[in-house]
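Fold and geometry: a report
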Amino acid sequence: MQVLGIYGGQDANGLTATVVKEILSAVEAPTTTEFIDLNTFDLQPESPHRPNPDLDQLAAKLQAADVWVFGAPTYYSTIPGQLKQFFDVMRHRWTRMTKAGDSLPNGVFQNKHYVSVTSCFAPTGDNLFTGQTDLTLRAIDGAMTLAGVHKITELVCPNTWRQRTPTAKKLARAQVIGRQLSHYQRKDDETLKRYGLLFCMIAVMALATMGIQQLWPALTNGFWLRYVSFVVIFFVLLAIILHVMTFMRHKRA
(Lines give C-alpha, C1' and ligand atoms only; values in the text may rest on other atoms or scores of the structure.)
Protein backbone atom coordinates (compact mmCIF):
# COMPACT_ATOMS: atom_id res chain seq x y z
CA MET A 1 0.00 0.00 0.00
CA GLN A 2 0.92 3.64 -0.42
CA VAL A 3 -0.48 6.67 1.40
CA LEU A 4 -0.26 10.06 -0.32
CA GLY A 5 -0.47 13.30 1.70
CA ILE A 6 -1.85 16.18 -0.38
CA TYR A 7 -1.49 19.65 1.14
CA GLY A 8 -3.63 22.39 -0.41
CA GLY A 9 -3.05 25.47 1.74
CA GLN A 10 -0.61 28.37 1.84
CA ASP A 11 2.02 27.13 4.31
CA ALA A 12 3.36 23.60 3.83
CA ASN A 13 5.03 23.90 7.23
CA GLY A 14 1.94 25.19 8.99
CA LEU A 15 -0.36 23.56 11.51
CA THR A 16 -2.60 21.63 9.10
CA ALA A 17 0.34 20.36 7.08
CA THR A 18 2.02 19.26 10.32
CA VAL A 19 -1.01 17.11 11.16
CA VAL A 20 -0.91 15.50 7.72
CA LYS A 21 2.81 14.78 8.12
CA GLU A 22 2.13 13.32 11.56
CA ILE A 23 -0.39 10.92 10.06
CA LEU A 24 2.14 9.88 7.42
CA SER A 25 4.88 9.44 10.04
CA ALA A 26 2.72 6.95 11.94
CA VAL A 27 2.09 4.75 8.90
CA GLU A 28 3.91 1.46 9.45
CA ALA A 29 6.02 -0.49 6.97
CA PRO A 30 5.70 -1.98 4.45
CA THR A 31 3.15 0.73 3.60
CA THR A 32 4.97 3.69 2.03
CA THR A 33 4.11 7.39 2.21
CA GLU A 34 4.70 10.60 0.29
CA PHE A 35 3.83 14.23 1.06
CA ILE A 36 3.18 16.70 -1.76
CA ASP A 37 2.62 20.43 -1.58
CA LEU A 38 0.26 21.62 -4.31
CA ASN A 39 2.02 25.01 -4.29
CA THR A 40 4.98 23.37 -6.03
CA PHE A 41 2.89 22.23 -9.03
CA ASP A 42 1.56 24.10 -12.04
CA LEU A 43 -2.21 23.83 -11.62
CA GLN A 44 -3.14 25.68 -14.79
CA PRO A 45 -5.84 24.03 -16.93
CA GLU A 46 -4.64 21.95 -19.84
CA SER A 47 -5.99 21.70 -23.38
CA PRO A 48 -5.12 19.74 -26.55
CA HIS A 49 -2.95 22.68 -27.57
CA ARG A 50 -1.46 23.25 -24.11
CA PRO A 51 -0.54 20.04 -22.25
CA ASN A 52 0.42 20.27 -18.59
CA PRO A 53 3.06 17.73 -17.49
CA ASP A 54 2.49 18.63 -13.82
CA LEU A 55 -1.08 17.36 -14.01
CA ASP A 56 0.16 14.13 -15.56
CA GLN A 57 2.61 13.79 -12.66
CA LEU A 58 -0.13 14.44 -10.09
CA ALA A 59 -2.45 11.93 -11.77
CA ALA A 60 0.30 9.31 -11.66
CA LYS A 61 0.86 9.91 -7.94
CA LEU A 62 -2.87 9.66 -7.26
CA GLN A 63 -3.07 6.43 -9.23
CA ALA A 64 -0.11 4.88 -7.41
CA ALA A 65 -1.53 5.62 -3.94
CA ASP A 66 -4.22 3.59 -2.19
CA VAL A 67 -5.16 6.28 0.34
CA TRP A 68 -5.12 10.08 -0.07
CA VAL A 69 -4.79 12.34 2.99
CA PHE A 70 -6.01 15.86 2.20
CA GLY A 71 -4.74 18.75 4.29
CA ALA A 72 -6.81 21.90 3.82
CA PRO A 73 -6.99 24.76 6.35
CA THR A 74 -10.41 26.42 6.46
CA TYR A 75 -10.22 29.85 4.80
CA TYR A 76 -13.41 31.96 4.74
CA SER A 77 -15.38 28.87 5.83
CA THR A 78 -14.26 26.77 2.85
CA ILE A 79 -11.26 25.11 1.20
CA PRO A 80 -8.17 27.10 0.18
CA GLY A 81 -7.74 28.23 -3.41
CA GLN A 82 -4.90 25.78 -4.03
CA LEU A 83 -7.02 22.75 -3.27
CA LYS A 84 -10.03 24.15 -5.14
CA GLN A 85 -7.87 24.72 -8.21
CA PHE A 86 -6.52 21.17 -7.89
CA PHE A 87 -10.05 19.77 -7.83
CA ASP A 88 -11.04 21.93 -10.80
CA VAL A 89 -8.16 20.97 -13.10
CA MET A 90 -8.34 17.28 -12.14
CA ARG A 91 -12.09 17.04 -12.57
CA HIS A 92 -12.04 15.80 -16.15
CA ARG A 93 -9.52 13.11 -15.17
CA TRP A 94 -11.79 11.46 -12.60
CA THR A 95 -15.29 12.20 -13.91
CA ARG A 96 -17.31 11.71 -17.04
CA MET A 97 -20.35 13.62 -18.22
CA THR A 98 -23.62 12.02 -19.31
CA LYS A 99 -25.89 13.36 -22.03
CA ALA A 100 -28.12 14.69 -19.26
CA GLY A 101 -25.22 16.74 -17.88
CA ASP A 102 -24.59 14.58 -14.82
CA SER A 103 -21.04 14.04 -13.54
CA LEU A 104 -20.14 10.44 -12.67
CA PRO A 105 -16.90 8.65 -11.70
CA ASN A 106 -15.04 7.49 -14.80
CA GLY A 107 -13.45 4.58 -12.97
CA VAL A 108 -9.83 5.77 -13.10
CA PHE A 109 -9.54 6.42 -9.36
CA GLN A 110 -12.73 4.71 -8.25
CA ASN A 111 -12.65 2.71 -5.00
CA LYS A 112 -9.59 4.41 -3.57
CA HIS A 113 -9.91 5.97 -0.08
CA TYR A 114 -9.24 9.33 1.54
CA VAL A 115 -8.88 11.17 4.85
CA SER A 116 -9.71 14.86 5.37
CA VAL A 117 -7.72 17.14 7.70
CA THR A 118 -8.69 20.75 8.32
CA SER A 119 -8.31 23.50 10.92
CA CYS A 120 -9.97 26.78 11.82
CA PHE A 121 -9.59 29.71 14.21
CA ALA A 122 -13.04 29.19 15.75
CA PRO A 123 -13.14 27.63 19.25
CA THR A 124 -14.50 24.12 19.58
CA GLY A 125 -17.98 25.21 20.70
CA ASP A 126 -18.32 27.85 17.99
CA ASN A 127 -17.18 25.42 15.32
CA LEU A 128 -19.68 22.84 16.54
CA PHE A 129 -22.70 25.14 16.38
CA THR A 130 -21.71 27.48 13.52
CA GLY A 131 -20.08 24.84 11.32
CA GLN A 132 -16.96 26.80 10.38
CA THR A 133 -15.32 23.73 8.88
CA ASP A 134 -18.44 22.11 7.41
CA LEU A 135 -18.08 23.65 3.95
CA THR A 136 -14.43 22.63 3.79
CA LEU A 137 -15.27 19.02 4.56
CA ARG A 138 -18.26 19.05 2.21
CA ALA A 139 -16.16 20.47 -0.63
CA ILE A 140 -13.64 17.64 -0.26
CA ASP A 141 -16.42 15.06 0.09
CA GLY A 142 -18.18 16.41 -3.00
CA ALA A 143 -15.07 16.21 -5.17
CA MET A 144 -14.23 12.73 -3.94
CA THR A 145 -17.80 11.52 -4.50
CA LEU A 146 -17.48 12.58 -8.13
CA ALA A 147 -14.21 10.64 -8.33
CA GLY A 148 -15.77 7.54 -6.73
CA VAL A 149 -13.32 7.68 -3.80
CA HIS A 150 -14.45 6.42 -0.38
CA LYS A 151 -14.02 8.35 2.87
CA ILE A 152 -12.26 6.76 5.83
CA THR A 153 -12.38 9.50 8.46
CA GLU A 154 -11.63 13.16 9.11
CA LEU A 155 -9.68 15.19 11.65
CA VAL A 156 -10.65 18.74 12.61
CA CYS A 157 -8.39 21.10 14.59
CA PRO A 158 -10.43 24.03 15.98
CA ASN A 159 -9.28 27.00 18.07
CA THR A 160 -6.01 27.45 16.14
CA TRP A 161 -5.80 31.24 16.53
CA ARG A 162 -2.19 32.03 17.49
CA GLN A 163 -1.35 28.32 17.56
CA ARG A 164 1.96 27.42 15.97
CA THR A 165 1.76 23.66 16.45
CA PRO A 166 -1.13 21.20 16.84
CA THR A 167 -2.19 20.20 20.34
CA ALA A 168 -0.91 16.97 21.83
CA LYS A 169 -4.44 15.56 21.60
CA LYS A 170 -4.68 16.18 17.86
CA LEU A 171 -1.19 14.80 17.24
CA ALA A 172 -2.15 11.68 19.17
CA ARG A 173 -5.30 11.34 17.06
CA ALA A 174 -3.18 11.76 13.91
CA GLN A 175 -0.91 8.97 15.11
CA VAL A 176 -3.91 6.68 15.60
CA ILE A 177 -5.18 7.42 12.09
CA GLY A 178 -1.74 6.78 10.60
CA ARG A 179 -1.44 3.41 12.30
CA GLN A 180 -4.93 2.47 11.14
CA LEU A 181 -4.06 3.33 7.55
CA SER A 182 -1.16 0.88 7.72
CA HIS A 183 -3.62 -1.99 8.00
CA TYR A 184 -6.67 -0.48 6.35
CA GLN A 185 -8.84 -3.00 4.57
CA ARG A 186 -10.59 -1.98 1.38
CA LYS A 187 -14.30 -1.35 1.90
CA ASP A 188 -15.57 -0.55 -1.54
CA ASP A 189 -19.25 -1.26 -1.04
CA GLU A 190 -20.90 -0.75 2.33
CA THR A 191 -24.43 -0.45 0.97
CA LEU A 192 -25.70 -3.59 2.73
CA LYS A 193 -24.09 -2.49 5.99
CA ARG A 194 -25.69 0.96 5.77
CA TYR A 195 -29.14 -0.50 5.14
CA GLY A 196 -28.66 -2.87 8.05
CA LEU A 197 -27.69 -0.01 10.36
CA LEU A 198 -30.65 2.03 9.09
CA PHE A 199 -33.03 -0.86 9.81
CA CYS A 200 -31.66 -1.29 13.32
CA MET A 201 -31.86 2.44 14.02
CA ILE A 202 -35.50 2.61 12.87
CA ALA A 203 -36.41 -0.51 14.86
CA VAL A 204 -34.86 0.91 18.06
CA MET A 205 -36.44 4.33 17.54
CA ALA A 206 -39.87 2.82 16.89
CA LEU A 207 -39.59 0.74 20.07
CA ALA A 208 -38.48 3.79 22.07
CA THR A 209 -41.33 5.86 20.63
CA MET A 210 -43.91 3.23 21.56
CA GLY A 211 -42.40 2.98 25.03
CA ILE A 212 -42.69 6.74 25.54
CA GLN A 213 -46.32 6.62 24.37
CA GLN A 214 -47.04 3.96 26.97
CA LEU A 215 -45.74 6.26 29.71
CA TRP A 216 -48.58 8.68 28.88
CA PRO A 217 -51.67 6.61 27.95
CA ALA A 218 -53.45 9.82 26.99
CA LEU A 219 -51.25 9.96 23.89
CA THR A 220 -52.83 6.75 22.58
CA ASN A 221 -56.48 7.75 22.97
CA GLY A 222 -57.76 7.48 19.44
CA PHE A 223 -56.08 6.69 16.11
CA TRP A 224 -55.11 10.24 15.11
CA LEU A 225 -53.71 11.22 18.50
CA ARG A 226 -51.69 8.00 18.57
CA TYR A 227 -50.43 8.69 15.03
CA VAL A 228 -49.53 12.35 15.63
CA SER A 229 -47.78 11.64 18.93
CA PHE A 230 -45.82 8.79 17.31
CA VAL A 231 -44.63 11.03 14.44
CA VAL A 232 -43.61 13.86 16.78
CA ILE A 233 -41.74 11.61 19.23
CA PHE A 234 -40.07 9.68 16.38
CA PHE A 235 -38.97 12.95 14.75
CA VAL A 236 -37.50 14.31 17.99
CA LEU A 237 -35.56 11.09 18.58
CA LEU A 238 -34.29 11.11 14.99
CA ALA A 239 -33.16 14.73 15.28
CA ILE A 240 -31.26 13.95 18.48
CA ILE A 241 -29.55 10.91 16.94
CA LEU A 242 -28.53 12.80 13.79
CA HIS A 243 -27.14 15.66 15.88
CA VAL A 244 -25.08 13.31 18.03
CA MET A 245 -23.84 11.37 14.99
CA THR A 246 -22.79 14.59 13.28
CA PHE A 247 -20.93 15.74 16.39
CA MET A 248 -19.13 12.43 16.75
CA ARG A 249 -18.30 12.29 13.05
CA HIS A 250 -16.58 15.65 12.99
CA LYS A 251 -14.66 14.94 16.23
CA ARG A 252 -14.41 18.63 17.05
CA ALA A 253 -13.87 18.21 20.79
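Residues numbered from 1 in each chain as written. Predicted model: local features only at pLDDT ≥ 70, side-chain atom pairs only at ≥ 80, totals over all residues. Heavy atoms only, no water.

We now examine the nonpolar core. Core analysis: the biggest nonpolar cluster contains 28 residues, and Trp68, Phe70, Phe86, Phe87, Trp94 and Met144 have the highest contact counts within it. For this core, the secondary structure elements donating two or more residues are β1 (2–7), α2 (53–64), β3 (67–71), α3 (81–94) and α5 (134–147). Considering each element in turn, this core owes the most residues, 6 residues, to α3. Aside from chain neighbours lying at most four places away, what touches Trp68 is Leu4, Ile6, Leu62, Trp94, Phe109, Lys112, His113, Tyr114, Val115, Met144 and Val149. Core analysis: the second largest hydrophobic core is formed by 16 residues, Leu24, Val69, Val117 and Leu181 among them. (Core = buried A, V, L, I, M, F, W, Y, C linked by side-chain atoms within 4.5 Å. Buried < 20%, exposed > 50% of the residue type's maximum accessible area, 1.4 Å probe, protein only. Helix = DSSP H or I, 4+ residues; strand = E, 2+ residues; numbered from the N terminus. Contact = heavy atoms within 4.5 Å.)

What follows deals with the packing of helix α1 (residues 15–26) against helix α6 (residues 168–182). Interhelical geometry of α1 versus α6 gives an angle of 45° and a closest axis separation of 7 Å. Considering their axes alone, α1 and α6 lie oblique with respect to each other. Crossing hand, α1 versus α6: right-handed. Together, Val19, Glu22, Ile23, Ser25 and Ala26 of α1 and Leu171, Ala174, Gln175, Ile177, Gly178, Arg179, Leu181 and Ser182 of α6 make up the contact between the two elements. (Axes fitted to C-alpha atoms, helices over the stretch in contact; angles between N-to-C directions. Parallel < 35°, antiparallel > 145°, perpendicular 65-115°, else oblique. Left-handed = near helix turned anticlockwise from the far one by under 90°.)

If you walk through the whole model with that rule in mind, you get 14 aromatic pairs. With a centroid separation of 5.8 Å and 45° between ring planes, the pair formed by Phe86 and Phe87 is classed as tilted. Each member of the pair, Phe86 as well as Phe87, carries the same accessibility label: buried. A centroid spacing of 6.1 Å and a plane angle of 75° characterise the contact between Phe86 and Trp94, whose relative ring orientation is edge-to-face. The class for Phe86 is buried, based on a relative accessible area of 1%. With a relative accessible area of 1%, Trp94 lands in the buried category. (Phe/Tyr/Trp six-rings, centres within 6.5 Å; stacked < 30°, edge-to-face > 60°.)

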